[in-house]
Amino acid sequence: MRSAPPSDFVTALPKCELHVHLEGTLEASMAEMLAERHRLTGPGAKGAGVGGARPEAFDGLADFLARYYAAMAGLLTEEDFYELTAAYLATARRQGVVYAEMFFDPQAHLARGVPFPSVVRGIRRAQEEARSAGGPASQLIMCFLRDEPAEDAHAVLEQSLAFKDWILGVGLDSDERGNPPAKFAEVFERARAAGYRLTMHCDPRQEASLDHLWQCLDLVGVERIDHGVECLADGRLVEELERRRLGLTVCPLSNQRLYGDLMGGAVREMLERNLLVTVNSDDPAYFGGYVADNYRALQEDAGLTRAELVRLARNGFEAAWLPPARRAAYLQAVDAHAAGAPSRAYRT
Ligand code: HPA
Ligand code: ZN
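Everything numeric here is computed off the predicted structure, so don't read it as measured data.

A. Here's a closer look at empty space enclosed by the protein. This model, assessed by the stated rule, comprises two cavities of 30 Å³ or more. In this model, the largest cavity occupies a volume close to 100 Å³. As for the largest cavity, its lining consists of 16 residues, and the residues nearest its centre are His 21, Leu 61, Phe 64, Leu 65 and His 201. Here the lining of the largest cavity is composed, by residue class, of seven nonpolar, four polar and five charged.

Put into structure tokens, the structure is as follows:
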């Protein structure tokens, strides 16, 4: 029989996080505090349901996204973005995250009149403070909103270039329905030429999931895929993902809250089929848990062994966009923890 590893093994296991939206770490309490700070009335106001009333479950991606964008109303100044990021990094540290690649959605803030530099300067200050206070180390991935025109993505890419040293890659999020990777092939090509790393969301349970996954590989040439669980329905796709050793950033609690299925069986199958599957939190303030919570929920759902949990943590560092020496140091720390002799082989 498979017995559950103790939960402190999961917390202390050195982990990375490759799929977390900073705006999705906005806890209800901080949303309320920001609404007060900026004297917001309307949808962002205290008690109006934006911060406080978060449902146990959502009716799919579009239902979640409507609440996610509404709740951002209070994120207005550099200081707000600093506090959001500092809070996430502090929580991630308590959950045993030593390295994070974090998404942000600049278009959602530009639309509310927040200048691009305010967003990235606030985030950057929190990243630097966390790193010098012992971690986690972190990088930024700028997402384009796929339900907005491709021209808008081109415009925000242009704005980002002044901050290129602070942004590691680009991603694609928001509502996938009717918004295929092909719509953004050109802007991703420009981003690649500018030196950005490339990833895209392929959310679960989408109308054209397999088509979108193939477009990511053949048309865009992404270096990672966010979610991607639907690949299991296509043997040739699985072979191709394995051949390319392409990381897949699966988010168990997100799957549970959006689709009523944690998809632990799919993660088990991905491990069995030798895919580079990783465990992540997506929008932890909405889905009921941060990274260690996702590992624990997955462990319970799929009955994973300690060795399988260690393999998932290793996969995270394998799929991360890290320089080789840093990757090796993190992997060494994972192996030392697995062997019962924790050591901090890496430097923040
Ligand atoms: N999918 C698409 N868009 C998103 C997500 C997601 O999981 N989270 C925040 N924006
Ligand atoms: Zn996501």
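B. Structural detail: the coordination of the zinc ion (ligand 2). On the protein side, the zinc ion (ligand 2) has His 19 (NE2), His 21 (NE2), His 201 (NE2) and Asp 282 (OD) as donor atoms, found 2.0 to 2.3 Å from it. Read in sequence order, the donor residues for the zinc ion (ligand 2) give the motif H-x1-H-x179-H-x80-D. Pair noted here: His 201 is in strand β5 (residues 197–202) and Asp 282 is in the loop between β8 (276–279) and α13 (284–287), with a separation of 81 residues, a long-range link. As far as burial versus exposure is concerned, His 201 and Asp 282 are alike and both buried.

C. Spotlight on helix α12 (residues 264–272). Those residues of α12 that fall on the buried side of the exposure criterion are Gly 264, Ala 266, Val 267, Arg 268, Met 270 and Leu 271. Buried residues along α12 sit against β7 (247–250), β8, α14 (291–302) and α15 (306–319). Positive phi shows up at Asn 274, right after α12, with a value of about 65°.

Procedures and definitions
Residues numbered from 1 in each chain as written. Chains lettered and ligands numbered in written order. Predicted model: local features only at pLDDT ≥ 70, side-chain atom pairs only at ≥ 80, totals over all residues. Heavy atoms only, no water. 1 Å grid on protein atoms, 1.4 Å probe; cavity = no way out; pocket = protein on both sides within 12 Å on 5 of 7 lines; lining within 4 Å. Points joined across faces, edges and corners; volume = space filled by probe spheres on them. Nonpolar A, V, L, I, M, F, W, Y, C, P; charged D, E, K, R; others polar. Donors = N, O, S within 2.8 Å, 3.2 Å for Na, K, Ca; no water. Helix = DSSP H or I, 4+ residues; strand = E, 2+ residues; numbered from the N terminus. Buried < 20%, exposed > 50% of the residue type's maximum accessible area, 1.4 Å probe, protein only. Contact = heavy atoms within 4.5 Å.

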